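If you want the building blocks of each chain, they are given just below.
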Amino acid sequence: MIQLKSRLTVIDNSGALVAECIKVLRNARWAEVGDEIVVAVKKARPISDKTSASLSAAKIRKGDVRRAVVVRTKKEIRRPDGRYVRFDDNACVLLNNQQQPLGSRILGLVAAELRFKNWVKIVSLAPRVV
């Protein structure tokens, strides 16, 4: 359950490391796995002059406001067969204006519920789906 001011780790190679939720983009108080949120980047990788010209994904800076999709939560998720799945941290993937992942790689596992919420591109990029 991600709500206002929740901190999430960013698990793509967009350049952001930590993001803070500033808005849930559905009419609810919290976001679950597969929901879209608006985040502010709180910590980002440093950008050198050499890499800024070559990498388009390295444009993410501290303070940027972006949309993201929640891919892991510490709050357990109930599966239809009765099992519960819980992760160690809250994580998200940053999105571009076309609702596609901003980075070209996802570093870490994601929840299988993303497939049912039509985030198939994120599921295909992820190394492991739990």
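Rules of the game
- Residues numbered from 1 in each chain as written.
- Predicted model: local features only at pLDDT ≥ 70, side-chain atom pairs only at ≥ 80, totals over all residues.
- Heavy atoms only, no water.
- UniProt positions renumbered as here; feature names shortened; annotations may be inferred.
- Helix = DSSP H or I, 4+ residues; strand = E, 2+ residues; numbered from the N terminus.
- Rg over C-alpha atoms; globule rule 2.2 N^0.38 Å.
- Buried < 20%, exposed > 50% of the residue type's maximum accessible area, 1.4 Å probe, protein only.
- Areas by Shrake-Rupley, 256 points an atom, 1.4 Å probe, with all protein chains shown as cover.
- Lys, Arg positive; Asp, Glu negative; His and termini not counted.
- Charge placed at Lys NZ, Arg CZ, Asp CG, Glu CD.
- Patch = residues over 30% accessible without salt bridge, like charges linked within 9 Å, V, L, I, M, F, W, Y side chains within 5 Å.
- Salt bridge = Lys/Arg side-chain N within 4 Å of Asp/Glu carboxyl O.
- Pairing = 2+ DSSP bridges.
- Axes fitted to C-alpha atoms, helices over the stretch in contact; angles between N-to-C directions.
- Polar contact = N/O pair within 3.5 Å; in protein donor to acceptor, adjacent residues only side chain to side chain.
- Contact = heavy atoms within 4.5 Å.
- Core = buried A, V, L, I, M, F, W, Y, C linked by side-chain atoms within 4.5 Å.

- In the nomenclature of an unreviewed UniProt entry, the protein is known as Large ribosomal subunit protein uL14m of Coemansia javaensis.
- The record in UniProt for the protein states the following under Sequence similarities (unreviewed entry): "Belongs to the universal ribosomal protein uL14 family."

1. Examining the overall build of the protein
Thinking step 1. Along its length, the protein carries 3 helices and 7 strands.
Thinking step 2. Its C-alpha atoms give the protein a radius of gyration of 14 Å, near enough to 14 Å, the size a compact globule of 130 residues would have.
Thinking step 3. Across the 130 residues in the protein, those meeting the buried criterion constitute 41%.
Thinking step 4. With the model as given, the accessible surface of the protein reaches about 7800 Å², and the carbon-plus-sulfur share is 49%.
Thinking step 5. Charge-centre separation for the protein: the mean point of 26 positive side chains lies 3 Å from the mean point of 12 negative side chains.

2. Some words on a nonpolar patch on the surface
Thinking step 1. Side chains of Leu4, Ile22 and Val65 sit close together on the surface and give an oily, nonpolar patch of about 270 Å² of accessible area.
Thinking step 2. Take valine 65: it is sitting in strand S4 (residues 65-72).
Thinking step 3. Looking at valine 65, the relative accessible area reads 53%, which means it is exposed.

3. Topic: unusual backbone geometry
Thinking step 1. For lysine 5, which is not a glycine, the phi torsion comes out positive at approximately 75°.
Thinking step 2. When its relative accessible area of 57% is taken as the criterion, lysine 5 is described as exposed.
Thinking step 3. For glutamine 99, which is not glycine, the phi dihedral falls at a positive 60°.
Thinking step 4. By the element assignment, glutamine 99 lies in the loop between strand S7 (91-95) and helix H2 (113-116).

4. Regarding the sheet that holds strand S3 (residues 36-44)
Thinking step 1. The strand order around the closed barrel built from 5 strands is S1-S2-S3-S4-S7, with neighbouring strands paired in mixed fashion. Recorded for the sheet is a direction-independent mean angle of 55° between the axes of neighbouring strands.
Thinking step 2. Alignment of S3 against S4, held across 5 bridges, turns out to be antiparallel. Opposite valine 39, over in S4, you have arginine 66 as the bridge partner.

5. Some points on the side chain of arginine 72
Thinking step 1. Examined against the element boundaries, arginine 72 turns out to sit in strand S4.
Thinking step 2. For arginine 72, a relative accessible area of 9% gives the class buried.
Thinking step 3. A distance of 3.0 Å separates polar atoms of two side chains, one belonging to arginine 72 and the other to aspartate 89.
Thinking step 4. Setting aside residues no more than four positions away along its own chain, arginine 72 makes contact with Thr9, Ile11, Val33, Phe87, Asp89, Asn90, Ala91, Gly108 and Leu109.

6. Notes on the pairing of S4
Thinking step 1. The pairing of S4 with S7 spans 5 bridges and is antiparallel. Paired with valine 69 across the bridge in S7 is valine 93.

7. Here we look at the nonpolar core
Thinking step 1. Judged by nonpolar contacts, the single largest core of 18 residues is most densely connected at Val69, Val71, Leu114 and Ile122.
Thinking step 2. Secondary structure elements with two or more residues in this core: S4, S7 and helix H3 (120-125).
Thinking step 3. For this core, the element with the most residues is S7, which contributes 3 residues.
Thinking step 4. If sequence neighbours within four positions are ignored, valine 71 has contacts with Ile11, Val33, Ala91, Cys92, Val93, Val110, Ala111, Leu114 and Ile122.
Thinking step 5. In this structure, Ile2, Val10, Ala19 and Leu94 belong to the second largest nonpolar core, which totals 16 residues.

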